Amino acid sequence: MSNVTDNSKSKGSSEAALDENVLQVERRDYTDLAPTDRPRSQSLDGFDDIYTDIVDYIIRCTHKIWDERDIGLIYSHYTHNCVLYGTTGTIYNREDIVRDTIQRLVSFPERRGMGTQVIWNGNDKDGFYTSHLVTGSGRHTQYGHLGQPTGKPFVSRTIADCMIHRNKIYREWVVADQMAIIKQLGLDPHHFAMRTAQQKFEAGLTSLDIGENRRFIGQTPPAEKPDLSLAHNDVEAQTIEMLHEVFTKRMFGRIAQDYAPNAQYHGPLMLELYGVAAIIHQHLGLIGSLPDASYEIQHVASNPCEEGGTKVAVRWVMEGHHLGYGILSELGDPTGKRVQVMGMSHYHWKDGKIVDEWNVYDQLSLLVQVKLGQLAEAE
């Protein structure tokens, strides 16, 4: 993606998004998002003729691959050497993405993934970046990677961030709330976490990341000011500043300043919470479980919203040790094991306040990391 800062359209600015009349997801049915008679409203050099804008592209091709089972579309929509970063490992080629998609669909033939929103920036010259929030639902009706079918229904959230150039995704980050599915199906998360950890341990891995904790440099306190170089506009800068105050400086009171009193929180395990006090507790509880964790923002994008205000997408990572008690209750008593949290969040700012937050990370991947550390220790 381009790092040029003087080209507002390359950064997907509010003005560019409005001028180009790019579709938005929230108020539209799928047939409106994947039209048959809509003229192209955005420059998409190199993209298939069927796509009218970048949101149509990501919604339509995802639907065709996952819901219509046109899995082979991956061959024309992913580069052969694409890299897909997941919460329990990384895929480095297109063929493995095809294989992984088939395996996931085997267990859930009734699964439907409904686009909740797409936040994007970029252009067809430098490349696009999309952050696609999906609400998936279905039933566990077939034998597959989760074992014998339970027949139970499930609902979970996933956010997939994609880097796209000329019709092909060449890099993708996927955070799927697998723990929500496991819990709703009544399965034992420790069984599946240990199975995954054992496979990785036998392959020679002792952790899913390497390096020292990045929270402090030497013995200095947290940085007073955040790095705003990722921000493309004022609302993105305000989001970065808020997250720095909360997660780096541990100033959880900032939430009461920046969130509306009746704000809604849509979190992991399909939590639906309301009000500032509940939201503060969620973020306080995440740090409580990983009290030494660093917090790094990796990407920010935003679009004006037809509902009013602006929606902001943030991709982030936390690194730390399981040293305390908090909301990560499936991890049990503190184990001291090192864990990395890959997370993605969407925020809806309106009249200067956050009125909605969608937060996705996967507790099952953290349990895998804890068990992997325990296997390494036992060895």
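Model, not experiment: these values are computed from the prediction.

## So, the nonpolar core
Then, number 1: Formed by 55 residues in total, the largest nonpolar core has its most connected members in Tyr259 and Val314.
Then, number 2: Those residues in contact with valine 314 that lie beyond four places of it in its chain are Thr239, Leu243, Tyr295, Ile297, His299, Val300, Gly343, Met344, Ser345 and Tyr347.
Then, number 3: With 29 residues, the next largest nonpolar core counts Leu33, Ile59, Val98 and Phe128 among its residues.

## Considering the confidence of the model for the protein chain
Then, number 1: Residues at a pLDDT of 70 or more form 92% of the protein chain, whose mean pLDDT is 91.
Then, number 2: For the stretch residues 1–18, pLDDT sits under 50, and the model shows 34 contacts to residues farther than four places along the chain or on other chains.

## Considerations on the packing of aromatic side chains
Then, number 1: Tallying each qualifying case throughout the model produces 10 aromatic pairs.
Then, number 2: Consider the rings of phenylalanine 47 and phenylalanine 128, whose centres lie 6.0 Å apart with planes at 80°: the pair is edge-to-face. Of the two residues, phenylalanine 47 is situated in the loop between helix H2 (30–33) and helix H3 (54–66) and phenylalanine 128 in strand S4 (residues 127–139); the sequence distance between them amounts to 81 residues.
Then, number 3: Centroid distance phenylalanine 247 to tyrosine 295: 4.6 Å. Interplanar angle 10°. Geometry classified as stacked. Taken together, the positions of phenylalanine 247 in helix H8 (residues 234–248) and tyrosine 295 in strand S9 (residues 294–304) put the pair 48 residues apart, joining distant regions of the chain.
Then, number 4: Tyrosine 295 gets classed as buried once you look at its relative accessible area, which sits at 9%.
Then, number 5: Ring pairs connect the aromatic residues Phe47, Tyr51, Tyr57, Trp120 and Phe128, which therefore count as one cluster.
Then, number 6: Its end group placed over the ring of tryptophan 173, arginine 315 keeps NZ or CZ at 3.6 Å from the ring centre.

## Describing the side chain of threonine 158
Then, number 1: Inspection of the secondary structure puts threonine 158 in strand S5 (residues 153–165).
Then, number 2: Contact partners of threonine 158, with chain neighbours within four places excluded, come to His132, Leu133, Val134, Val174, Val175, Ala176 and Asp177.

## A few points about the pattern of salt bridges
Then, number 1: Per the stated rule, a full pass over the model turns up 19 salt bridges.
Then, number 2: With its nearest N and O atoms 3.0 Å apart, the salt bridge here joins glutamate 306 to arginine 28. With glutamate 306 in the loop between S9 and strand S10 (310–321) and arginine 28 in the loop between helix H1 (14–20) and H2, the pair connects residues that are 278 residues apart, well separated along the chain.
Then, number 3: Residue glutamate 306 is classed as partly exposed on the basis of its relative accessible area, which comes to 38%.
Then, number 4: Between arginine 60 and aspartate 56 there is a salt bridge, with its nearest N and O atoms 2.9 Å apart.

## A closer look at the pairing of S5
Then, number 1: Among the 13 residues that make up S5, 10 are buried, leaving the element largely enclosed by the rest of the structure.
Then, number 2: Here S4 pairs with S5 via 12 bridges, running antiparallel. Paired with phenylalanine 128 across the two strands is isoleucine 164, which belongs to S5.
Then, number 3: Remark: 2 residues form the turn of the hairpin made by S5 and strand S6 (residues 168–176), two consecutive strands paired antiparallel; arginine 166 in that turn has positive phi of roughly 50°.

## Points about the sheet that holds S10
Then, number 1: If you trace the 6 strands from one edge of the open sheet to the other, you get S8-S7-S12-S11-S10-S9, paired in mixed fashion. With one partner strand each, in any of the chains shown, strand S8 (271–274) and S9 form the two edges of the open sheet. Ignoring strand direction, the axes of neighbouring strands in this sheet form an average angle of 15°.
Then, number 2: Sheet topology places S10 next to strand S11 (residues 338–350); 12 bridges connect them, and they run antiparallel. Bridge assignment links glycine 320 to a residue of S11, and that residue is valine 339.
Then, number 3: Sitting on the sheet, H8 is in contact with strand S7 (259–267), S9, S10, S11 and strand S12 (353–360), with an inclination near 155° to S9.
Then, number 4: Of the strands in this sheet, S7, S8, S10 and S12 are in contact with helix H10 (residues 276–289), which crosses S7 at around 50°.

## Description of H3
Then, number 1: Under the 1.5 Å per step criterion, the end-to-end length of H3 is 18 Å for 13 residues, consistent within 8% with the ideal 18 Å.
Then, number 2: In terms of residue burial, H3 counts as a mostly covered element, since 10 of its 13 residues are buried.
Then, number 3: Taken together, the buried positions of H3 are Ile54, Val55, Asp56, Tyr57, Ile58, Ile59, Arg60, Cys61, His63 and Ile65.
Then, number 4: For H3, the side-chain oxygen to backbone nitrogen distance between the N-cap and valine 55 is 3.0 Å, and the N-cap itself is aspartate 53.

Conventions used here
Residues numbered from 1 in each chain as written. Predicted model: local features only at pLDDT ≥ 70, side-chain atom pairs only at ≥ 80, totals over all residues. Heavy atoms only, no water. Core = buried A, V, L, I, M, F, W, Y, C linked by side-chain atoms within 4.5 Å. Buried < 20%, exposed > 50% of the residue type's maximum accessible area, 1.4 Å probe, protein only. Contact = heavy atoms within 4.5 Å. pLDDT = per-residue confidence, 0-100. Phe/Tyr/Trp six-rings, centres within 6.5 Å; stacked < 30°, edge-to-face > 60°. Helix = DSSP H or I, 4+ residues; strand = E, 2+ residues; numbered from the N terminus. Lys NZ or Arg CZ within 6 Å of the ring centre and 35° of its normal. Salt bridge = Lys/Arg side-chain N within 4 Å of Asp/Glu carboxyl O. Pairing = 2+ DSSP bridges. Axes fitted to C-alpha atoms, helices over the stretch in contact; angles between N-to-C directions. Expected span 1.5 Å × (residues − 1). Polar contact = N/O pair within 3.5 Å; in protein donor to acceptor, adjacent residues only side chain to side chain.

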